[in-house]
Amino acid sequence: LSKNATLANGQLISLTDLKIGDVIAIRAGEIILADGMVVKGEGVVDESSLTGESLPISKAVNSSVMSGTILQNGYIEVKLDAETANSTLQRLNAAMLDVQADKGRYAKLADAFA
């Protein structure tokens, strides 16, 4: 996952410096790095990594997009509506880490005998 995003004006910016209201440019084949609303362009987004939906979803102006999904074709500019630390992808990652840290009953029992 890239640690930088490209603003709509072409400026490269660190993900940690992105803030609500920034507009980022997403080109075909790129991962959408932040949650937001499409403000320019159109394309097809693969959301299967988050939703399990097998078919790509068409996105145009006023469509919402989620971080961690992939723009398969087209070009969109996305206005951020959440900090990257609170994005869909980060929340999913945090939930996975919580689950991994919480060993199940049988794993704890096995550890006791190991």
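One can find the structure itself at the top, above this paragraph.
Because the structure is predicted, anything quoted here is derived from the model rather than measured.

### Things to note about the side chain of Thr-69
Point 1. Tracing the sequence through the fold places Thr-69 in the loop between β6 (64–65) and β7 (70–80).
Point 2. One polar contact links the side chain of Thr-69 to the main-chain carbonyl oxygen of Met-66, over a distance of 2.6 Å.
Point 3. In contact with Thr-69, not counting residues within four places along its chain, are Glu-30, Ile-31, Ile-32, Val-45, Asp-46, Glu-47, Ser-49 and Leu-50.

### Description of the nonpolar core
Point 1. With 17 residues, the main nonpolar core has Ala-5, Leu-18, Ile-24, Ile-26 and Ile-76 as its most contacted residues.
Point 2. Elements represented by at least two residues in this core include exactly β3 (23–27), β4 (36–46) and β7.
Point 3. At four residues, β7 tops the list of elements feeding residues into this core.
Point 4. Excluding residues within four positions of it along the chain, Ala-5 makes contact with Gln-11, Leu-12, Ile-13, Leu-15, Leu-18, Ile-24 and Leu-33.

### A few points about the side chain of Glu-77
Point 1. Within the secondary structure layout, Glu-77 lies in strand β7.
Point 2. Within the structure, Glu-77 has its side chain in polar contact with the side chain of Tyr-75 (distance 2.7 Å).
Point 3. When neighbours within four sequence positions are excluded, Glu-77 is seen to be in contact with Ala-8, Val-23, Ile-24, Ala-25, Met-37, Val-38, Val-39 and Lys-40.

### Side note on the environment of Leu-55
Point 1. For Leu-55, the location among the structural elements is in the loop between α1 (48–51) and β5 (57–59).
Point 2. With relative accessibility at 55%, the residue Leu-55 sits in the exposed group.
Point 3. Along the primary structure Leu-55 and Val-44 are separated by eleven residues, whereas in three dimensions their C-alpha atoms are 9.7 Å apart.

### Details of the pairing of β4
Point 1. In the sheet, β4 pairs with β6 via two bridges, with the strands oriented antiparallel. Bridging from a neighbouring strand, Gly-36 pairs with Val-65 of β6.
Point 2. In the sheet, β4 pairs with β7 via ten bridges, with the strands oriented antiparallel. Following the sheet pairing, Asp-46 is matched in β7 by Ile-70.

Each value, and the rule that gives it
- Residues numbered from 1 in each chain as written.
- Predicted model: local features only at pLDDT ≥ 70, side-chain atom pairs only at ≥ 80, totals over all residues.
- Heavy atoms only, no water.
- Helix = DSSP H or I, 4+ residues; strand = E, 2+ residues; numbered from the N terminus.
- Polar contact = N/O pair within 3.5 Å; in protein donor to acceptor, adjacent residues only side chain to side chain.
- Contact = heavy atoms within 4.5 Å.
- Core = buried A, V, L, I, M, F, W, Y, C linked by side-chain atoms within 4.5 Å.
- Buried < 20%, exposed > 50% of the residue type's maximum accessible area, 1.4 Å probe, protein only.
- Pairing = 2+ DSSP bridges.

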